[in-house]
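Single-letter residue listing:
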Amino acid sequence: PGGGRMFSGIQPTGVPHLGNYLGALENWVALQIQYPLVLYSIVDMHSITQPQDPNQLRNNILDMAASLLACGIDTERVILFQQSQVSEHAELSWILGCLTSMPRLRHLPQWKMKSKVKTEGSVGLYTYPVLQAADILLYKSTHVPVGEDQVQHLELAQDLARIFNSRYGDLFPVPRTLLSSARKVKSLRDPSAKMSKSDPQKMATIAITDSPDDIALKIRRAVTDLTSEVTFDPETRPGVSNLVTIHAAMAMISVEEAVSQARGLDTGAYKKLVSEAVIQRLTPIRAEIERLRGDPAHLEGVLAQGAQRARGLAAPVLREVRQRVGF
Ligand code: ADP
Ligand code: NA
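What counts, and at which threshold
Residues numbered from 1 in each chain as written. Chains lettered and ligands numbered in written order. Predicted model: local features only at pLDDT ≥ 70, side-chain atom pairs only at ≥ 80, totals over all residues. Helix = DSSP H or I, 4+ residues; strand = E, 2+ residues; numbered from the N terminus. Rg over C-alpha atoms; globule rule 2.2 N^0.38 Å. Contact = placed C-beta atoms within 7 Å. Domains from an automatic or database assignment. Near = placed C-beta within 6 Å. Nonpolar A, V, L, I, M, F, W, Y, C, P; charged D, E, K, R; others polar. Axes fitted to C-alpha atoms, helices over the stretch in contact; angles between N-to-C directions. Parallel < 35°, antiparallel > 145°, perpendicular 65-115°, else oblique. Buried ≥ 20, exposed ≤ 12 C-beta atoms within 10 Å, placed from the backbone. Core = buried A, V, L, I, M, F, W, Y, C linked by C-beta atoms within 7 Å. Expected span 1.5 Å × (residues − 1). Bend = angle between axes of the 7 residues up to and from the residue. Left-handed = near helix turned anticlockwise from the far one by under 90°. Pairing = 2+ DSSP bridges. Right-handed = clockwise from strand over helix to strand, strands pointing away.

(A) Inspection of the overall build of the chain at higher detail. Scanning the chain from N- to C-terminus turns up 14 helices and 5 strands. Over its C-alpha atoms the chain spans a radius of gyration of 21 Å, differing by no more than 12% from the 20 Å that the globule rule assigns to 327 residues. Its C-alpha atoms give the chain principal-axis dimensions of roughly 70 × 45 × 40 Å. Pairs at least 24 residues apart make up 74% of the contacts formed inside the chain by residues separated by at least 6 positions.

Structure, rendered in structure tokens:
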């Protein structure tokens, strides 16, 4: 795509699961070579919109850093950093919040989904998308890869770029949404729902650090249906179709190719094939995460260096913002 600055963020929810890997991380790795400037942020300030245990959060940040590196994020190409270490995010978020009306936020997905689930809903959760807009605009980002669930949040970031520009004079490019084309990975126990970290069913989610035995067991127990032949039809056969999706994505083949490899196999035998594809892909990643997690000081160093580079870009933009605002 030539020029452009790409920004994306991921919450430190611990070790990513297969859905995170296929829906976000794999895409991040592919995109890192396509833009001259790429920033990936572990957005810990977004995480504390829900209650967090401090030690757990610290661990989760390092788990996510190790996972991103192990999946192939290359810090020669990418500025990888922890959001809270660059205080400009919070400062710009405040300024953008003052350009955002209360009703504009009320219908956005993060608030609607989470405000009643775990907490009464904090001010931070309500203004979550404003912080996201600050993350993006702080680097004058032009391209933001996201999943479908984030499209409305990106629209707010675009609106805020326009609102700021019209009030204070052109400064921010209106960032473009790069929608991930990856198919959603479904829960192995309830294929009508997406695979999720927060799924209470233990066997439903594959973490990218699961052992080969755990992976094989979870896939063996995956819900399918009474037809033994393997076909791809997510509407009527969500369970077996989810296995096809996982197989195709992990073996890096098309869905058609995956179905054709399943010809003559019943779902039981096919599950072995799917397990092998998952295990083969995840084994080196798991080993690398384990290696990196053995040296937390190194990971902290990588993040500190990333934060320093991010600050170098953020500081002049924020200086300009402050000046425009009249500070
Ligand atoms: P979770 O639902 O497990 O908490 P997040 O909402 O934190 O995951 O998502 C982090 C990233 O992973 C987002 O880009 C999201 O689109 C992607 N993602 C999450 N779950 C899935 C899934 N089941 N299939 C594909 N992508 C997913
Ligand atoms: Na989620």
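(B) Inspection of the domain arrangement of the chain at higher detail. You can read the domains of the chain as domain 1 (5-184 + 296-325) and domain 2 (202-291). Contacts between domain 1 and domain 2 engage 11 residues on the former and 11 residues on the latter. Those elements that place two or more of their residues in the side of domain 1 that touches domain 2 are α1 (18-31) and α3 (54-71). Considering each element in turn, the side of domain 1 that touches domain 2 owes the most residues, 4 residues, to α3.

(C) Region of the structure containing the site of ligand 1. Near ligand 1 you find 19 residues, and of these Gly19, Gly23, Ala24, Gly147 and Lys197 are the closest. Among the elements that line the shell around ligand 1, the one with the most residues is α1, at 5 residues. For the shell around ligand 1, the class distribution of residues is 6 nonpolar, 9 polar and 4 charged.

(D) Quick look at the packing of α3 against helix α14 (residues 296-325). Their axes nearest at 10 Å, the elements α3 and α14 cross at an angle of 80 degrees. By the angle between their directions, the pair α3 and α14 is classed as roughly perpendicular. Across the interface between the two elements, Leu62, Ala65 and Ala66 from α3 touch Pro296, Leu299, Val302 and Leu303 from α14. Of the residues in the contact of α3 with α14, the class split is 7 nonpolar, no polar and no charged.

(E) Quick look at unusual backbone geometry. Despite not being glycine, lysine 140 shows a phi value in the positive range, around 50 degrees. Take lysine 140: it is sitting in the loop between α8 (128-137) and β4 (143-146). The phi dihedral of methionine 252 falls on the positive side, at around 55 degrees, and the residue is not glycine. Inspection of the secondary structure assignment puts methionine 252 in the loop between α11 (238-251) and α12 (255-261). A tally of 10 C-beta atoms within 10 Å means that methionine 252 is categorised as exposed.

(F) The nonpolar core, seen in detail. Ranked by size, the top nonpolar core spans 82 residues in total, and within it Ala133, Leu137 and Val278 carry the most contacts. Looking at this core, the element that brings in the most residues is α3, giving 8 residues. Here this core spans two domains, and each of domain 1 (5-184 + 296-325) and domain 2 (202-291) adds at least three residues to it. The contact partners of leucine 137, leaving out residues within four places of it in the chain, are Leu92, Ala157, Leu160, Ala161 and Phe172.

(G) Molecular detail of α1. Spanning 14 residues, α1 covers 19 Å between terminal C-alpha atoms, matching the ideal 20 Å at 1.5 Å per step. Of all the bends in α1, the largest measures some 30 degrees and sits at alanine 24. All of the buried residues along α1 are Leu18, Gly19, Asn20, Tyr21, Leu22, Gly23, Ala24, Leu25 and Trp28. Packing partners of the buried residues in α1 comprise β1 (5-10), β2 (37-42), α3, β4 and α11.

(H) Fine view of the environment of valine 278. Position of valine 278 relative to the elements: it lies in helix α13 (residues 267-293). Valine 278 sits in the buried class, given 25 other C-beta atoms within 10 Å. Considering only alpha carbons, one finds valine 278 and proline 212, 66 residues apart in sequence, at a separation of 8.7 Å. When sequence neighbours within four positions are dropped, the list of residues in contact with valine 278 reads Ile206, Ile215, Ile219, Ile246 and Met250.

(I) Highlighting the packing of α3 against α13. For the pair α3 and α13, interaxial distance at closest approach is 9 Å and the crossing angle is 135 degrees. The pairing of α3 with α13 is recorded here as oblique in orientation. Crossing of α3 against α13: the hand is right-handed. Of the residues in α13, those touching α3 at Leu62, Ala66, Ser67, Leu69, Ala70 and Cys71 are Ile285, Glu288, Ile289, Leu292 and Arg293. Partitioning the contact of α3 with α13 into residue classes produces 8 nonpolar, 1 polar and 2 charged.

(J) Main features of the pairing of β4. With 4 bridges connecting them, β4 and strand β5 (residues 176-179) associate as parallel partners. Paired with valine 146 across the strands is leucine 179, a residue of β5. For the handedness criterion, the β-α-β arrangement of β4, helix α9 (residues 151-168) and β5 is classed as right-handed.

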